[in-house]
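If you want the building blocks of each chain, they are given just below.
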Amino acid sequence: MSIPVTIDGDRAVISPRGAIDQDTRPGLSTAADSLPASVTSVTWDLREVVFMDSAGLHLLEDQNRTALGRGGSITLAGPQTQPLHLLRLAAQMYPAGPWSPLLAGLPPADAA
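Since we're looking at a predicted model, the values are computed, not measured.

**A closer look at the overall build of the protein**
Stage number 1. The number of helices and strands found in the protein is 4 helices and 6 strands.
Stage number 2. Counted from the first residue to the last, the protein has its helices and strands arranged as β-β-β-α-β-β-α-β-α-α.
Stage number 3. The C-alpha extent of the protein, read off along each of the three principal axes, is 35 × 30 × 25 Å.
Stage number 4. Looking at the protein residue by residue over its 112 residues, the buried ones come to 41%.
Stage number 5. Considering only residue pairs separated by 6 or more positions, the protein has 70% of its internal contacts joining residues 24 or more positions apart.

**What to know about the layout of surface pockets**
Stage number 1. Put simply, the largest pocket is a space of about 190 Å³.
Stage number 2. Taken together, 17 residues make up the lining of the largest pocket; nearest its centre are Val 39, Val 42, Thr 66, Ala 67 and Arg 70.
Stage number 3. For the lining of the largest pocket, the secondary structure elements donating two or more residues are helix H1 (25-33), strand E4 (41-45), helix H2 (54-69) and strand E6 (73-77).
Stage number 4. Of all the elements, H2 adds the most residues to the lining of the largest pocket, at 3 residues.
Stage number 5. For the lining of the largest pocket, the class distribution of residues is 8 nonpolar, 7 polar and 2 charged.
Stage number 6. Considered as a void within the structure, the second largest pocket measures approximately 160 Å³ in volume.

**Examining the sheet that holds E4**
Stage number 1. Taken together, the 4 strands give an open sheet; going across it, the order is E1-E2-E4-E6, and neighbouring strands pair in mixed fashion. Single-partner strands in this sheet number two, and they are strand E1 (5-8) and E6. Across the sheet, the axes of successive neighbouring strands diverge by a mean angle of 20°, strand direction being ignored.
Stage number 2. Both E4 and E6 contribute to a ladder of 5 bridges, which runs parallel. Across the sheet, residue Thr 43 finds its bridge partner in E6, namely Thr 75.

**Observations regarding the pairing of E1**
Stage number 1. Relative to strand E2 (residues 11-14), E1 runs antiparallel, the two sharing 4 bridges. Within the sheet, the bridge partner assigned to Asp 8 lies in E2 and is Arg 11.
Stage number 2. Between the end of E1 and the start of E2, which pair antiparallel, lie 2 residues, with Gly 9 showing a positive phi angle near 65°.

Conventions and cut-offs
- Residues numbered from 1 in each chain as written.
- Predicted model: local features only at pLDDT ≥ 70, side-chain atom pairs only at ≥ 80, totals over all residues.
- Heavy atoms only, no water.
- Helix = DSSP H or I, 4+ residues; strand = E, 2+ residues; numbered from the N terminus.
- Buried < 20%, exposed > 50% of the residue type's maximum accessible area, 1.4 Å probe, protein only.
- Contact = heavy atoms within 4.5 Å.
- 1 Å grid on protein atoms, 1.4 Å probe; cavity = no way out; pocket = protein on both sides within 12 Å on 5 of 7 lines; lining within 4 Å.
- Points joined across faces, edges and corners; volume = space filled by probe spheres on them.
- Nonpolar A, V, L, I, M, F, W, Y, C, P; charged D, E, K, R; others polar.
- Pairing = 2+ DSSP bridges.
- Axes fitted to C-alpha atoms, helices over the stretch in contact; angles between N-to-C directions.

Right under this line is the structure:
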């Protein structure tokens, strides 16, 4: 998996390509965990992610918890149909989880 990372001051964009699954999760975690401490806002650009399973949900949940613990935040950008469907399903099944806030900046289900 290709993991482009762009840093601009206190903001970073992580742009995975391909699938986010159990095989790719460790590399993605390493990429995120390797960001400088000065980065407080991380955008996960999912435009080129064609598949995501529960490993992706766990990755984003872990990264969200880490960011909040450091006084930062994560946002999601441009998820394709399958990852977006999975995130929406997770939000419905686990309303106390981080999914609804992460989906807040994305178009509603009926607009997709």
